[in-house]
Amino acid sequence: MAAGALLAAAASVSVVLGAGSASAFAVTPLPGGVQVDLTAADTAWVANSHIGQAIAGLPHPSAASFGESLDSAAAMSSQFPGGRVVFTVYGPFDQLNGTMLALQ
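These numbers come from a predicted model, not from an experiment.

Caption draft 1: Main features of the pairing of strand β3 (residues 84–90). Counted residue by residue, β3 has five buried out of seven residues, so it is predominantly covered. Direction of pairing for strand β2 (residues 33–37) relative to β3: antiparallel, over a ladder of five bridges. Opposite Val34, over in β3, you have Val89 as the bridge partner. As paired elements, β3 and strand β4 (residues 97–103) share seven bridges and run antiparallel to each other. In the strand pairing of β4, Val86 is matched with Leu101.

Caption draft 2: Here's a closer look at helix α2 (residues 40–49). Among all positions of α2, only Asp42, Thr43, Val46 and Ala47 are buried. Projection of α2 onto a plane perpendicular to its axis shows the buried side chains occupying an angular sector of 135°, all on one side. Downstream of α2 by a residue or two, His50 has a phi angle that is positive, lying close to 55°.

Caption draft 3: Expanded view of the packing of aromatic side chains. Summed over the entire model, instances satisfying the criterion amount to one aromatic pair. For the pair Phe66 and Phe87, a centre-to-centre distance of 5.1 Å together with 75° between the ring planes defines the contact as edge-to-face. Within this pair, whereas Phe66 is found in helix α4 (residues 63–77), its partner Phe87 is found in strand β3, the two being separated by 21 residues in sequence. By relative accessible area, Phe66 is classed as partly exposed at 22%. Residue classification places Phe87 among the buried residues on the basis of a relative accessible area of 5%.

Caption draft 4: Main features of the side chain of Asp42. Considering the arrangement of structural elements, one finds Asp42 in helix α2. Separated by 3.5 Å, the side chain of Asp42 and the backbone nitrogen of Phe25 make a polar contact.

Caption draft 5: Structural detail: the nonpolar core. Residues Val36, Leu38, Val46, Leu70, Val85 and Phe87 are the most contacted members of the largest nonpolar core, which totals 15 residues. Where this core is concerned, the elements lending two or more residues are β2, α2, α3 (51–56), α4 and β3.

Caption draft 6: A look at the packing of α2 against α4. Two numbers describe how α2 lies on α4: the axes approach to 8 Å, and their chain directions differ by 120°. In terms of axis orientation, α2 runs oblique to α4. Handedness of the crossing formed by α2 with α4: left-handed. Judged by residue contacts, Thr43, Val46 and Ala47 of α2 engage Leu70, Asp71, Ala74, Ala75 and Ser77 from α4.

Cut-offs applied
- Residues numbered from 1 in each chain as written.
- Predicted model: local features only at pLDDT ≥ 70, side-chain atom pairs only at ≥ 80, totals over all residues.
- Heavy atoms only, no water.
- Buried < 20%, exposed > 50% of the residue type's maximum accessible area, 1.4 Å probe, protein only.
- Helix = DSSP H or I, 4+ residues; strand = E, 2+ residues; numbered from the N terminus.
- Pairing = 2+ DSSP bridges.
- Arc of directions from axis to C-beta.
- Phe/Tyr/Trp six-rings, centres within 6.5 Å; stacked < 30°, edge-to-face > 60°.
- Polar contact = N/O pair within 3.5 Å; in protein donor to acceptor, adjacent residues only side chain to side chain.
- Core = buried A, V, L, I, M, F, W, Y, C linked by side-chain atoms within 4.5 Å.
- Axes fitted to C-alpha atoms, helices over the stretch in contact; angles between N-to-C directions.
- Parallel < 35°, antiparallel > 145°, perpendicular 65-115°, else oblique.
- Left-handed = near helix turned anticlockwise from the far one by under 90°.
- Contact = heavy atoms within 4.5 Å.

Below you can see the structure in the form of structure tokens.
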């Protein structure tokens, strides 16, 4: 059930990103979670739209931290040609945790 919730969350992120750009990001299932690799174009769109602020306002204990981290990582990575963001999300939906990387 947790894996299904995570995949549903990843799908909703894909709809949001797909609405903003010609998205080619990758969602990879992992044991107990997912990994999302944003393209450089997706990363720039996230940085310009500040979608993390909207995510931070969602009623979930992890939303504020995730949204702020997403905006910060995207802002940093988008300063470099080809810069992108990669994040993982693990755990049951009510106790999500993970990692986020800003790549150059």
